[in-house]
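# Understanding the architecture of this molecule
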Amino acid sequence: MRSVIRTSAFMEQWLSEVVRQPGLILTLVVAPFILLVAFGTGVELGGPRPRTVVAESADARDSLEPLIADLEQYVDFRGFEDSLLLARRSLERGDIDAVIVVPDDPAQFLERGVQVPLQVLIGEVDPVRRSYARAYLRDQVAALNQRTIEDVVSDAQGSVGNISDMTAEARQYVDLLAGARGELEEARTQVSELRTSLEPLSRAVESADSTAERVAFFVPGLSAAAGQVDRLRVAVTDLESTVERLDTRLSAASGGQGLPSEQEVDDIRAALDEIDAIAGPVFSVSPGVISAPFVLELQDVTPVEPTFTSFYSPGVVALLVQHLAITLAALTLSRVRVLRVVDMLRVAPIRASEVVLGNYIGYGLLCGVAAAGLIAMMVGFLDVPMSGSWLVLAGTVALLILCSLGVGFVVSLLSSSTQQATQVAMLILLGSIFFSGFVFSIDRVSWPARALTYTFPGTYALRSLQDEMLRGLLRSPEDLVFLGVGSVALFALAVWLMRRELRPR
Amino acid sequence: MSPTSVQSVQSTADSPLAVPHVLARALGQEFAGTRVLDGIAVSVHPGELFGLVGPSGCGKTTLVRMIVGLLRPTNGQMLVNGVAPEAFSAADRRAIGYLPQSFSLFPTLSLQQNARFVAATYGIGWWARRRRIREVLRVLDLWDVRRRRADQVSGGMQRRLGLACALLHEPRLLVVDEPTAGLDPDLRVRIWDYLREAQQRGTTIFLTTQYIEEAERCDNVAVMREGHVVASGSPSALRERAAIPEGVDIEVDRVDAADIAALWQLPGIHHVRQVDARHVRLVADHAEHAVAEATTVLTERGREVSSAEPHRPSFEDVFRSLVSQAPTPPSEGA
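First, a word on what this report is: a plain description of the structure on this page. All values derive from a computational prediction rather than experimental measurement.

### Quick look at the overall build of chain B
In terms of helices and strands, chain B carries ten helices and 13 strands. Burial status across chain B gives 45% buried among its 334 residues.

### Overview of the pairing of strand 7 (residues 204-209) of chain B
All names here are of chain B. Most of strand 7 is tucked away, with six of its six residues classed as buried. By the alternation rule, side chains of strand 7 split into Thr204, Phe206 and Thr208 and Ile205, Leu207 and Thr209, which are all buried. Where strand 3 (residues 49-53) lies against strand 7, five bridges are found, and the strand directions are parallel. Bridge pairing in strand 7 links Gly51 to Leu207. When strand 6 (residues 173-177) meets strand 7, the two strands line up parallel, connected through five bridges. Paired with Asp177 across the bridge in strand 7 is Thr208. The β-α-β motif built from strand 6, the intervening helix 6 (residues 185-200) and the parallel element strand 7 has right-handed crossover chirality.

### Let's talk about the pairing of strand 1 (residues 51-55) of chain A
Residues and elements named next belong to chain A. Burial within strand 1 is extensive, with four of its five residues counted as buried. Across five bridges, the pairing between strand 1 and strand 2 (residues 76-81) is parallel. Following the sheet pairing, Val54 is matched in strand 2 by Phe80. Both strand 1 and strand 3 (residues 98-101) contribute to a ladder of four bridges, which runs parallel. Directly across from Val54, in strand 3, lies its bridge partner Ile100.

### Digging into the interface of chain A and chain B
How big an interface is tends to be stated in terms of accessible area lost as the parts join. Contacts between the two partners involve 24 residues from chain A and, on the opposite side, 29 residues from chain B. Mapped by element, the contributors of at least two residues to the side of chain A that touches chain B are helix 1 (2-20) and helix 13 (341-347) of chain A. Top element by residues in the side of chain A that touches chain B is helix 1 of chain A. It accounts for ten residues.

### Here's the deal with the packing of helix 15 (residues 390-414) of chain A against helix 18 (residues 457-471) of chain A
The relative placement of two packed helices is expressed as an angle between their axes plus a distance between the axes. All names here are of chain A. Running from N to C, helix 15 and helix 18 point in directions that differ by 170°, and their axes come no closer than 10 Å. One way to sum up the angle between helix 15 and helix 18 is to call them roughly antiparallel. Within the contact between the two elements, helix 15 uses Val392, Leu393, Thr396, Leu400, Cys403, Ser404 and Val407 and helix 18 uses Pro457, Ala461, Ser464, Leu465 and Glu468. Considered class by class, the residues forming the contact of helix 15 with helix 18 number eight nonpolar, three polar and one charged.

### A look at helix 7 (residues 163-179) of chain A
Residue and element names in this part refer to chain A. When the terminal C-alpha atoms of helix 7 are compared, their 25 Å separation across 17 residues agrees well with the 24 Å that a helix rising 1.5 Å per residue should span. When we look at burial in helix 7, the residues that qualify are Ile163, Met166, Thr167, Ala170, Tyr173, Val174 and Leu177. Considered in projection along helix 7, the buried side chains sweep an arc of 115° and stay on one side of the axis. Of the residues in helix 7, the exposed ones pointing more than 90 degrees away from the buried face are Asp165 and Gly179.

### A word on the sheet that holds strand 5 (residues 96-99) of chain B
Residue and element names in this part refer to chain B. Here six strands make up an open sheet; going across it, the order is 5-6-7-3-8-9 and the pairing mixed. Each having just a single partner strand, strand 5 and strand 9 (228-233) make up the two edges of the open sheet. This sheet shows a mean twist of 15° between the axes of neighbouring strands, independent of strand direction. Across four bridges, strand 3 lies against strand 8 (residues 220-225) in parallel orientation. Looking at strand 8, one finds that Val53 is bridged to Val223. Helix 5 (residues 155-167) contacts strand 5 and strand 6 of the sheet and is inclined by roughly 170° relative to strand 5.

### Digging into the packing of helix 15 of chain A against helix 19 (residues 478-502) of chain A
All names here are of chain A. Interaxial distance between helix 15 and helix 19 falls to 8 Å at its minimum, and their mutual angle equals 30°. Judged on the interaxial angle alone, helix 19 and helix 15 are roughly parallel. The hand of the helix 15/helix 19 crossing is left-handed. Mapping the contact onto sequence places Gly395, Thr396, Leu399, Leu400, Leu402, Cys403, Gly406, Val407, Phe409, Val410, Leu413 and Leu414 in helix 15 and Leu480, Leu483, Gly484, Gly486, Ser487, Leu490, Phe491, Leu493, Ala494, Leu497, Met498 and Glu501 in helix 19. Residues of the contact of helix 15 with helix 19, tallied by class, amount to 17 nonpolar, six polar and one charged.

### Remarks on the sheet that holds strand 4 (residues 75-80) of chain B
All names here are of chain B. Spatially, the three strands line up as an open sheet ordered 2-1-4, and their pairing is antiparallel. Taken across any chain shown, the strands that pair with only one partner, and hence form the sheet edges, are strand 2 (34-44) and strand 4. Mean inter-strand twist for the sheet, computed between neighbouring axes without regard to direction, equals 25°.

### A few points about the nonpolar core
One broad trend across soluble globular proteins is that nonpolar side chains are buried collectively. Core analysis: the largest hydrophobic core is formed by 144 residues, its most contacted members being Val321 of chain A together with Ala164 and Leu168 of chain B. The element best represented in this core is helix 12 (residues 308-338) of chain A, accounting for 15 residues. When sequence neighbours within four positions are dropped, the list of residues in contact with Leu168 of chain B reads Ala115, Val118, Ala119, Tyr122, Ile124, Arg132, Ile133 and Val136 of chain B. Listed in part, the 30 residues of the second largest apolar core include Met166, Leu201, Val236 and Leu239 of chain A.

### Topic: helix 6 of chain B
All names here are of chain B. Over its 16 residues, helix 6 extends 22 Å from the first C-alpha to the last, a length consistent with the 22 Å expected when each residue adds 1.5 Å. Burial in helix 6 covers these residues: Ile191, Leu195 and Ala198. Projected onto a plane normal to the axis of helix 6, the buried residues spread over an arc of 55° and lie on a single side. Helix 6 presents Pro185, Asp186, Asp193 and Gln200 as exposed residues on the side facing more than 90 degrees away from its buried surface. In the core, the buried residues of helix 6 are packed alongside strand 3, helix 5, strand 6 and strand 7. The positive-phi residue at the C-terminal boundary of helix 6 is Gly202, with phi of around 105°.

### Topic: the environment of Arg160 of chain B
Residues and elements named next belong to chain B. Relative to the assigned elements, Arg160 resides in helix 5. On the basis of neighbour counts, which here come to 27 C-beta atoms within 10 Å, the residue Arg160 falls in the buried class. Counting along the chain gives 61 residues from Arg160 to Leu99, while the straight-line C-alpha distance between them is 9.5 Å. Arg160 has contacts with Leu140 and Leu142, leaving out every residue within four places of it along the chain.

What counts as what
- Residues numbered from 1 in each chain as written.
- Chains lettered and ligands numbered in written order.
- Predicted model: local features only at pLDDT ≥ 70, side-chain atom pairs only at ≥ 80, totals over all residues.
- Helix = DSSP H or I, 4+ residues; strand = E, 2+ residues; numbered from the N terminus.
- Buried ≥ 20, exposed ≤ 12 C-beta atoms within 10 Å, placed from the backbone.
- Pairing = 2+ DSSP bridges.
- Right-handed = clockwise from strand over helix to strand, strands pointing away.
- Contact = placed C-beta atoms within 7 Å.
- Axes fitted to C-alpha atoms, helices over the stretch in contact; angles between N-to-C directions.
- Parallel < 35°, antiparallel > 145°, perpendicular 65-115°, else oblique.
- Nonpolar A, V, L, I, M, F, W, Y, C, P; charged D, E, K, R; others polar.
- Expected span 1.5 Å × (residues − 1).
- Arc of directions from axis to C-beta.
- Left-handed = near helix turned anticlockwise from the far one by under 90°.
- Core = buried A, V, L, I, M, F, W, Y, C linked by C-beta atoms within 7 Å.

Geometry only, nothing functional implied.
Shown next as structure tokens:
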């Protein structure tokens, strides 16, 4: 019974201190709330649309209008700049994020069969933003290329016109040719008309073939379509040759000799059918499909659609609770030492385990209240979904608090001053932000630095809280085991260190 | 230097064979190679009010910290209630109350909350705690300010709060380190009254003070200098050992040269001086004896003695005398 009373001494002392210090409650509980709200409502998802200026000569401006219209979909277009030097200065001053240098006449490059170089200047020193800018701009150039291909294909399709109309016209002359049996003059006339009707078809197919070759050069995935166009060109050329031979034969014929047989007329019809069969799939496909044959269909199997806020909020709570517990516990003994209360404890009949346990209960209650408030606000105010079990969530938070208190007490007992304890607590927070998986995924941290990630209680809690809240299942139950084992080990270590602290010097 | 042995005089009816509450033998303490206590021998018996006097930095607090178990002796032996402090059980600790030299509680808690905290660390149950805190705070005149924060009360109140906390669990031995340091004279008197009350309730008290005159209020005293006990015993015994001449002022209807010559003849008289036509001042071994003998001589010579007042030297003079008589402690490393 005496042990219970002695243990309760610290709980009462802490509750009294908390009640007497509204500022302390503000710092410990309300401040993290404000941080969480600021985080949830103030941080925007996704990368920025870079503020971009296009540097080029005024003469080329008109020719760039279509390009700029495209670019504006991806960047925050701030206008043109004649002088590259001035554009660079704006970039260096941070007035803009990127300068796109466009050649005066992009068409010249295409005509020479080479890609148009789009030089982009960036002035970012943040490696993350630099990396992001590179990836973003590369993505945007790819999109621009796609749009260009789409336009080219569309133009090509437009210029080709309707192949089936052309073959239909040719069929009319073939039918008339078939009806002119024995009539040499009539047959000559129809073959001549047929030959003339094939000329636009031949030109269109030649043009399409040339375009397809170019597109296939830029987009390897389009080589099959280009092959089809080539087949079409061969089919049209063959038909033209057949009709030309027939025309030549009829010109030299006299009497009933040299007239086309039924078989020859059927062969011409078959050739026209083949042209329709080849051209149909190639020219009926949308330019958008040809320029981007693959489309991403992302299916999310998670029970909720996580937003930026809902993904990061459990991590914020884990780190805040960890920091709160570590800081409170880390400052305990240094405060007790500074106030010389430690001498009273050394003289009193109180055991080290009672001192540690009493503080655990006092601080644990305080951290528990703060964590409950943070989670309630996270779910109620920031609309973070709770897909899993509240019991598991509570258990995770409880283990996080116990483990963090253990870390804090060990820091406190090993530190020789308040400043040292505070510094260590801050370093743990800093390390947690970088290595707990909050900012960077743990997979991105290579060994041996990754070993650091497993030294922070927040690492295990962050993963568990995210899983439990967003996925509704605990994918790594061993995280809770680590937290539990860590809590017990740290408590034992804290008791041992406290016993050493209370011994006569 | 051989240890100075102090065998205190029993001030209560306790048996002389009772186990001393504090017993130090040839006790020494070193900090980083510097010897701060050497050859200390002290014995404090149940019911006694024992004072350790000496200037600041002479080792009083170090000895106190060894008694309550905060420091382990470098050499020698320390027994408190028959047990070495490093082997104190919870019961042994409950038998000791400790008032450190400086305020050692939570400044942001009220006086009552601090008292509750200390009582809980001693395992005092809730109901008993309430009763005991009320009793002690009332005795020490702190009840009316019990809800004020400790850092918002005077130094005197903080000192009394520390004393209250040391008395809460009704210890058999109360160890108080400079309880009156920095307090005004009135408050010092009140603190001494509280200590006397505690002693009357049967508490043995071991205290330190740098106010030499306070030593005279103790049953037994040890005088310290530079980590050594240079003299010890009851205040009267120390006064005798110091052998400082005492003064007597006599007022008569008139005095002449023959009267002065007669006074010079008295035993134990060191000096006689006529101050004016009606006043004489004597310097003698024992003022009390000199008063009686001088009054008799002057009356026999037909003089009318209006007053004869002995003037004892202050205990500070006694302290100085004892310190000056003591051999100089060996220098460090000698």
